[in-house]
Amino acid sequence: MKIDVSVKKKLYLAVVRFRHVLAARTAVANHTPGTATEQCVASLLVVWLCSVQVRPQTLLTMNRARVLSYMLSQTPPGTSLVTVRAWLLGGKRGKASAPPPPTALAAEPFLNGSSSNYVEEMYSAWLHDPRSVHQSWDTFFRNASAGARPGEAYTSPPSLAEPTPHHVPLSSIAPAVISPAVSETQITDKVIDDHLAVQGIIRAYQARGHLIAALDPLGIDREALAERPPTTMPSKIVVRNYSNAVDESDMERLFKLPMSTFVGGKETTLPLKEIIKRLEDAYCRSIGVEFMFINSLEQCNWIRQKFETPGIMAMNQQDKRLLLARLTRSHGFEAFLARKFSSEKRFGLEGCEILIPAMKQVIDRSTSLGVESFVMGMPHRGRLNVLSNVCRKPLEHIFTQFAGLDAGDEGSGDVKYHLGTYQERLNRVTNKNIRLAIVANPSHLEAVDPVVQGKTRAEQFYHGDSEGNKVLSILLHGDAAFSGQGIVYETFHLSELPEYTTHGTIHIVVNNQIGFTTDPRMSRSSPYCTDVARVVNAPIFHVNADDPEAVMHVCNVAADWRHTFHKDVVIDLVCYRRNGHNEIDEPMFTQPLMYNRIRKLKPVIDLYAEKLIKEEVVTAVEAKEVRDKYEKILEDAFTAAKSETRVFNKHWIDSPWSGFFEGKDPLKASPTGVHEDTITHICKRFSSAPPNASDFQIHRGLQRILSSRMEMVKARTVDWAMGEAVAFGSLLKEGIHVRLSGQDVERGTFSHRHHILHHQKMTNDTPVDKSQYNTLANLYPDQAPYTVCNSSLSEYAVLGFELGFSMTNPNALVIWEAQFGDFNNTAQCVIDQFISSGQSKWIRQTGLVLLLPHGLEGMGPEHSSARLERFLQMTSDDPDVLPAFSNDFAIRQLSDINWIVANCTTPANLFHILRRQIALPFRKPLILMTPKSLLRHPEAKSSFDAMLEDTEFQRIIPEDGPATQNAANVKRLIFCSGKVYYELTAARKEAGIEDKIAITRVEQIAPFPYDLIKQECDRYPEAELVWSQEEHKNMGAWSYIQPRIATALNHERHISKCDKFAIDSEGHESQSWYEYWFPWLFPTSSPTEASIPTKNQTSIVSDTRVLRYAGRAVSASPATGNKMTHTREVKQLLEDSLAL
């Protein structure tokens, strides 16, 4: 390698400039490669090489630092500096050798061509006085002098930029104090291990600190840490093996705090002792936080900051006084009821009085964040207190519920601790008006959860609150129910679904640490009753209910969390139950240890009042004045309640429909038929691809379906799917929101609906996009919204959700469809406790529609029957009483009954009955048996004419064939319902007896169409009456139909009575017709002379007509699973029905 003479001269001068460095060290002639002298020379030679830009062609593949590093590596030990210099400046290296391995010398980022003179000046100054240069240069030269290898002496200054993900600067684990003495300390493996151990300890407290938190007011299950000295070693339960890495001698050492904690506040370093103390204050005192299972780092850091920041839980004196006042009201209300109604069940809140201040704090904080409406659900414990002190229900209304007064309005009513309410009031803390609703709930503790969520979602939907900023749901739970009832899990899984989310619910668990009489160790397998919430990454805040200020902080954090992230959050109020399950129950039978401790505990109001008096926040006199003031309010209300003579169920409505009933004729329904143009337009749009979207590719099978639909439009007919679509579309045109929900409803279980079209275009077997088209949502530019949404695989929660949705707005058609009808039995609680009896108990109407696919078609026991008999059994009409016939008979029946049960056989009737739900001046649930095979049956179609403006729903569809031409010769009149009609007509036609047998379809089974049934029977006076059904005899409609037809036919016929059997001693009938005749109508064997009523018993004159049964025999199973047996049963059914 040849170097220009001028270059050699410059290199020589550069070396000479550092002669004072060589003189200050040991003899250069005996230097050892790697010493500080050589490294300083090497570094500055690199600077010079950069400055003169030596770039021989043979060195293009090597960077400058590596060139010099390689040259120096060739220097034998003991070589003198003169020799080294001569060797570096010589011309022996004409040939380039392979590049050496990379060295750390290249890591000196500040060494470049423009800095050589500056570096030389800094080094000279440092040799003269280390304090004369910047600390960074001092560190660099000290490290080089201490033997740091090339590239390790330099330490980059701290960056103001955020570190990249999963990286931390080396300085975060370096010794914390920067001083000359400490700066010379090497970063050894022990230093790194110690800092990693501290980080592990911090994370351990964040993840497991709740395990040793002092949560239990009774001190039974948790290790109390309130008195632990701060220097005590951390608990091995929490830190596990990290405790082996530190000992007492490390407690005073300073450690740099990582970014994963906020315990330092503005401090970046703390002694280990102080770190542990602050972590225990945050996670191991009265609050236990479970959050480290959450997947989001942002959310975890948010929670850390809310609990770890020093002083964040501090309350001012005004807030403490407010908290004391609210606690006083909560405790005072229960104490007042205990004195006045000592023998009454009220399911009081004693032991968890903090619930009232907690709920009010959540409401106050949420209101300040913009929430205007709160929908709440809760079990019975504490309900009266919540009604009074949270919702401000008039105390007189509550006290009259204890008085045993008669009801002054409709309804059967409910016990006081199941009732709901709706209140609008001013929030005095935020000075904003708010709406509060508590949804009525049966004793099925968690059954109300999805109902509340549905009602909340509906309020958000109708108020345009797409992010949940205006409407908030709050659910209260008991500990045993929260972990034990599956509906909690089902409801949680709705929380993130697009059409079911309420954008975050605040759950408050009143954790009595006991069920009815069952200990937690016997009632759950999980460590906490709240573990179910972990499935949706909801943070869980456990808090000791006897620490009111800790509870308030948790409530603030929960409200802020929901506002920030729109996700669920759980507050676990760990408390106790001062009484038994109810006030007259004895808990010592089963929990002696627990209740011995409870009896020794002071109420939380006394504990907190003493605390504030000691802190001089209030005086004892002021605390007593607050108690006395509320006591007077209670006494005044109690006195006023004594003057009441009746109670009113309407005072407890939880979902009022303002203005809906005003100005309407309660017995007049709007017409359900529509103009043909409307029908045609909807059908055409329903049969077409998306307009103005030529690139939207539809599945070929769907193209055939759309084509067949268009052919029906041309023929002016509709099938089942189109009849439903016309009903929906015409309501949407009129501004009525339609919501269809359930499993697979977008397509339909039987692939008949197809309300959502999916773009099918694929590229390399990958969808181009996920475009969808909702046909019915795009019928008219100004139509109401149409919602069709596939649900989770749940019936209980989803049906409850849709019930809650339907309660909010009467001018909406809300429909739940079961995948198969028999699946409704997993939602039986909602059906029995809410839908069937809701109006009677709680004066709550709903127009909810249940579509239940029903029919025995050889698919086995589980996909055949929707259990029609159960719905009919729960109807509220009397089989022995014939209502008075009048012009408004049909609508009066609808008004009086609890729900409507129907089994339609034509698309036109489906169209009318769905539209009638909105046309009625009131709302009733509709239980609709829907077909399976009829969805594509060629005979199950309707003409447009059956849906026009002058048409309506047909409660029965009478015979319209040859039998009507000579009614006197008709031998048999068959009543039936559902798809069996089409099987009967086909068999009748095949047998050639269409003129001898008339078949009438009963479309609306309940309320029973007495008037029309009687007309049909009178129309065929000589005909034998037969009820034909496909269900087994102990199922289906038979047991409902038979006594009602008997009442319709025989109520006016002369009946002779015998005193012994039919009339009691006071001259009243001792048995109804139905009760007395049931054994004869349902004989266990063929009727004998002895089993038929005699002249000594109640008897009917000889011309009485009796309804005969034709169908399957009784069975325990709804249907057979054997195909041959099914075929044989159908054949026998048809033969029995048509045999003359």
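The coordinates are above.
This structure is a prediction, so every number in the text was calculated from the model and none was measured.

Caption draft 1: Here's a closer look at the overall build of the chain. When helices and strands are counted, the chain shows 39 helices and 32 strands. For the chain, with 1140 residues in total, the buried portion stands at 54%. Across the chain, contacts joining residues at least 24 apart in sequence account for 80% of those joining residues at least 6 apart. If you sum the accessible surface of the chain, you get close to 50700 Å²; carbon and sulfur atoms cover 52% of it.

Caption draft 2: Quick peek at helix H29 (residues 828-836). Most of H29 sits inside the fold, with 7 of its 9 residues counted as buried. What H29 keeps buried is the set Gln 828, Cys 829, Val 830, Ile 831, Phe 834, Ile 835 and Ser 836. Looking at the buried side of H29, the elements it contacts are helix H17 (448-462), helix H28 (796-808), helix H30 (838-842), strand S21 (849-853) and helix H31 (868-873).

Caption draft 3: A look at the nonpolar core. Leu 355, Phe 399, Ile 571, Leu 573 and Phe 975 are the most contacted members of the largest nonpolar core, which totals 187 residues. Per element, the largest residue contribution to this core is 9 residues, and it comes from helix H21 (residues 548-565). Ignoring anything within four residues of it in the chain, the contact list for Ile 571 reads Val 362, Ile 506, His 507, Ile 508, Val 509, Phe 541, Val 543, Val 554, Cys 555 and Ala 558. With 53 residues, the next largest nonpolar core counts Phe 686, Phe 728, Val 788 and Phe 820 among its residues.

Caption draft 4: Layout of the environment of Gly 860. Within the secondary structure, Gly 860 sits in the loop between S21 and H31. Its relative accessible area of 7% is what places Gly 860 among the buried residues. Distance from Gly 860 to Ser 1117, taken between C-alpha atoms, is 9.4 Å for residues 257 residues apart in sequence. Setting aside its immediate chain neighbours within four residues, Gly 860 contacts Ala 1119, Thr 1120 and Gly 1121.

Caption draft 5: Spatial organisation of helix H12 (residues 297-308). The end-to-end C-alpha separation of H12 is 16 Å, in line with the 16 Å expected for 12 residues at 1.5 Å each. Every buried residue belonging to H12 is among Gln 299, Cys 300, Trp 302, Ile 303, Arg 304, Phe 307 and Glu 308, and all of these are buried. Among the structural elements, helix H9 (189-208), helix H11 (272-283), strand S3 (287-290), strand S10 (540-544) and H21 are those in contact with the buried residues of H12. The N-cap residue of H12 is Ser 296: its side-chain oxygen and the backbone nitrogen of Glu 298 are 3.4 Å apart.

Caption draft 6: The arrangement of the pairing of strand S6 (residues 421-427) in detail. In this structure, S6 lies alongside strand S7 (residues 432-438), joined through 7 bridges in antiparallel fashion. Counterpart to Leu 426 in the pairing with S7 is Asn 433. The hairpin formed by S6 and S7 contains 4 residues between the paired strands, and Asn 431 there has a positive phi angle of roughly 60°.

The rules behind the values
Residues numbered from 1 in each chain as written. Predicted model: local features only at pLDDT ≥ 70, side-chain atom pairs only at ≥ 80, totals over all residues. Heavy atoms only, no water. Helix = DSSP H or I, 4+ residues; strand = E, 2+ residues; numbered from the N terminus. Buried < 20%, exposed > 50% of the residue type's maximum accessible area, 1.4 Å probe, protein only. Contact = heavy atoms within 4.5 Å. Areas by Shrake-Rupley, 256 points an atom, 1.4 Å probe, with all protein chains shown as cover. Core = buried A, V, L, I, M, F, W, Y, C linked by side-chain atoms within 4.5 Å. Expected span 1.5 Å × (residues − 1). Polar contact = N/O pair within 3.5 Å; in protein donor to acceptor, adjacent residues only side chain to side chain. Pairing = 2+ DSSP bridges.

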